[in-house]
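Structural overview
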Amino acid sequence: MSEVAKKTKSSDPRVAAAIAHWAPRFVSNGVLLADFEDVTAALERWDDWCTAWSARARVHEALGREALAAGYKLTAGEHLVRAATYYHFAKFVFVHDIQQMRDAHLRSLDCYQAALPLMRPAGERVAIPFEGKTLYGVLRRPAGATGRSPILIMAPGLDSTKEELHAYAEPFLARGIAILAIDGPGQGEAEYEIPICGDYERAARAVCGWIEKRADLDAAKIAMWGVSLGGYYAPRATAYEKRIKACIALSGPFEWKEIWGALPQLTREAFRVRSHCTSEAGALKNAATLSMKDAASKIACPIFIVTGRQDRLVPASHAERLAKGVSGPVELLIVEDGGHNANNRPYRYRSRTADWLAGQLGLPRI
């Protein structure tokens, strides 16, 4: 148990599990450590999680709105991005109360959208047609970009959304790579209408087709990145969508069903809800479709795989199996003291993977 987990007065195992499994993720993705400690220390019941995090989010949202009214656009954007992150973490696995979860989600979307024109570089909300429905994304091009930019499609995980990927995106933007963070099937804005699917290449196909129609993006230089369950989605898409020329996969499962029984209750329940299943048996059946067994050998482009040796959610052996199974060039980074996504050691891989991808896309070293 982490030191933070020990400080909470809650005896609710769901609260303890959320703190133990996700504290490094919160902090490395934009939550201030003092806020994390304050909010979690005061929690007694999991039922209060969404309310508590939404309350702290409103503090940052108010600061952002006040700064914007005063004309301090950069400051406003910084506060609003943080507020969006906090609202996201209020809802991220709070699937037992869909209305409360969705309300927090809408606040996250509203804050992040308000921040888009204030960011440096600015962002654009985009809509991508997908099988009669719509996938939504955030597009950001590097500062001062002219002509067509190389583009990185970024896939969130089971309980993350495109808004949470903000911190992950920064190293790529700094190296001249545009980013397109998407909510795919079962994720973020799509989770209410489109269930989780094992064949994520369907979403990638739609996104690549959309990129080809943009005059400011280079469809010959498309890469894909994914984190956690997105670390499955990205290589899975790369195996079948050949317009993707390079891939980065962080802590993705090789066979999702294999680790089902060891997953936290909150994670299994989130997967069930976002699979649109009424029972855990149905969810497990869907989990079996998330497999790289036949797909791995079809990955012929360069791939960079990252995992943490101490990962308690997705064992490092899954990354090792993927690395052995691909047919193209592979780089495998195992962070020996890293947990899930090595979020406790982000400095080990975030800049390094961005440097690697810039090289794959033909960009100069900076």
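Since the structure is predicted, the reported quantities are computational estimates derived from the model, not experimental observations.

1. Considerations on the overall build of the protein chain
Across its full length, the protein chain carries 13 helices and eight strands. Expected size for 366 residues packed as a compact globule is a radius of gyration near 21 Å; at 19 Å, the protein chain falls within 12% of this value. The principal-axis extents of the C-alpha atoms in the protein chain amount to approximately 50 × 50 × 40 Å. Residue burial in the protein chain is summarised as follows: out of 366 residues, 59% are buried. Sequence separation of 24 or more characterises 72% of the internal contacts of the protein chain that already satisfy a separation of 6 or more. Mean positive and mean negative side-chain charge positions of the protein chain (47 and 41 charges, respectively) differ by 4 Å.

2. A few points about the nonpolar core
Leu180, Trp256 and Phe271 are the most contacted members of the largest nonpolar core, which has 98 residues in total. Considering each element in turn, this core owes the most residues, nine residues, to helix α5 (residues 73-91). Aside from chain neighbours lying at most four places away, what touches Phe271 is Leu158, Ile196, Leu229, Trp256, Trp260, Ala283, Asn286, Ala287 and Leu290.

3. Overview of the sheet that holds strand β2 (residues 133-140)
Read from one edge to the other, the open sheet built from eight strands follows the order β1-β2-β4-β3-β5-β6-β7-β8, with strand pairing classed as mixed. Pairing within the sheet leaves two strands with one partner each, and these edge strands are β1 (123-130) and β8 (330-335). The average angle at which neighbouring strand axes cross in this sheet is 20°, direction not considered. Pairing geometry for strand β6 (residues 244-250) and strand β7 (residues 303-308), over four bridges, is parallel. Bridge pairing links Ala249 to Ile305 in β7. Where helix α13 (residues 350-360) meets the sheet, its contacts fall on β3 (149-155), β5 (217-227), β6, β7 and β8, and the angle it forms with β6 comes to roughly 170°.

4. Side note on the packing of aromatic side chains
Scanning the entire structure with this criterion turns up 19 aromatic pairs. Measuring from ring centre to ring centre gives 5.7 Å for Phe89 and Phe92, while their planes differ by 85°; the resulting arrangement is edge-to-face. Each member of the pair Phe89 and Phe92 is classed as buried. Within the aromatic cluster, the residues linked to one another by ring pairs are Trp22, Phe26, Phe36, Trp46, Trp49, Trp53, Tyr86, Phe89, Phe92 and Phe94. Its end group placed over the ring of Tyr192, Arg102 keeps NZ or CZ at 3.9 Å from the ring centre. When the ring centre of Tyr168 is taken as origin, the NZ or CZ atom of Arg350, which lies over that ring, is 4.1 Å away.

5. Regarding helix α7 (residues 166-174)
Buried within α7 we find His166, Tyr168, Ala169, Pro171, Phe172 and Leu173. Downstream of α7 by a residue or two, Gly176 has a phi angle that is positive, lying close to 90°.

6. Brief notes about unusual backbone geometry
In this structure, the amide linkage connecting Arg120 to the following residue, Pro121, adopts the cis form with an omega of 0°. Turning to its location among the elements, Pro121 is positioned in the loop between α6 (98-115) and β1. The residue Ser228 is not glycine, and still its phi comes out positive at about 60°. In this fold, Ser228 is placed in the loop between β5 and α9 (230-240).

7. Side note on the pattern of salt bridges
The tally for this structure, following the rule as stated, stands at 33 salt bridges. For the salt bridge of Arg56 with Asp35, the shortest nitrogen-to-oxygen distance reads 2.7 Å. Taken together, the residues span a long stretch of sequence, with Arg56 in helix α4 (residues 49-69) and Asp35 in helix α3 (residues 33-42) at a distance of 21 residues. Look at Asp35 and you get buried, because its relative accessible area is 9%. The partner of Glu61 in a salt bridge is Arg65, and the shortest N-O contact between them spans 3.1 Å. Here Arg65 and Glu61 lie together in helix α4, a separation of four residues that amounts to about one turn. Residue class for Glu61 comes out buried when judged on its relative accessible area of 10%. Residue class for Arg65 comes out partly exposed when judged on its relative accessible area of 33%. One continuous salt-bridge network, built from bridges that share partners, spans Arg125, Lys162, Glu163, Asp183 and Glu189.

8. A closer look at the packing of α4 against α5
Their axes nearest at 8 Å, the elements α4 and α5 cross at an angle of 170°. It follows from the interaxial angle that α4 and α5 lie roughly antiparallel. Each residue belonging to the contact of α4 with α5 can be placed in one class, and the counts come to 14 nonpolar, five polar and six charged.

9. What to know about the side chain of Asp159
The residue Asp159 is located in the loop between β3 and α7 in this model. Here Asp159 falls in the buried class, since its relative accessible area comes to 8%. Among the polar contacts listed, one links the side chain of Asp159 to the side chain of Arg25, at a separation of 2.5 Å. Excluding anything up to four places from it in sequence, Asp159 contacts Trp22, Arg25, His88, Phe92, Val93, Glu164 and Arg274.

Reading the values: rules and limits
- Residues numbered from 1 in each chain as written.
- Predicted model: local features only at pLDDT ≥ 70, side-chain atom pairs only at ≥ 80, totals over all residues.
- Heavy atoms only, no water.
- Helix = DSSP H or I, 4+ residues; strand = E, 2+ residues; numbered from the N terminus.
- Rg over C-alpha atoms; globule rule 2.2 N^0.38 Å.
- Buried < 20%, exposed > 50% of the residue type's maximum accessible area, 1.4 Å probe, protein only.
- Contact = heavy atoms within 4.5 Å.
- Lys, Arg positive; Asp, Glu negative; His and termini not counted.
- Charge placed at Lys NZ, Arg CZ, Asp CG, Glu CD.
- Core = buried A, V, L, I, M, F, W, Y, C linked by side-chain atoms within 4.5 Å.
- Pairing = 2+ DSSP bridges.
- Axes fitted to C-alpha atoms, helices over the stretch in contact; angles between N-to-C directions.
- Phe/Tyr/Trp six-rings, centres within 6.5 Å; stacked < 30°, edge-to-face > 60°.
- Lys NZ or Arg CZ within 6 Å of the ring centre and 35° of its normal.
- Salt bridge = Lys/Arg side-chain N within 4 Å of Asp/Glu carboxyl O.
- Parallel < 35°, antiparallel > 145°, perpendicular 65-115°, else oblique.
- Nonpolar A, V, L, I, M, F, W, Y, C, P; charged D, E, K, R; others polar.
- Polar contact = N/O pair within 3.5 Å; in protein donor to acceptor, adjacent residues only side chain to side chain.

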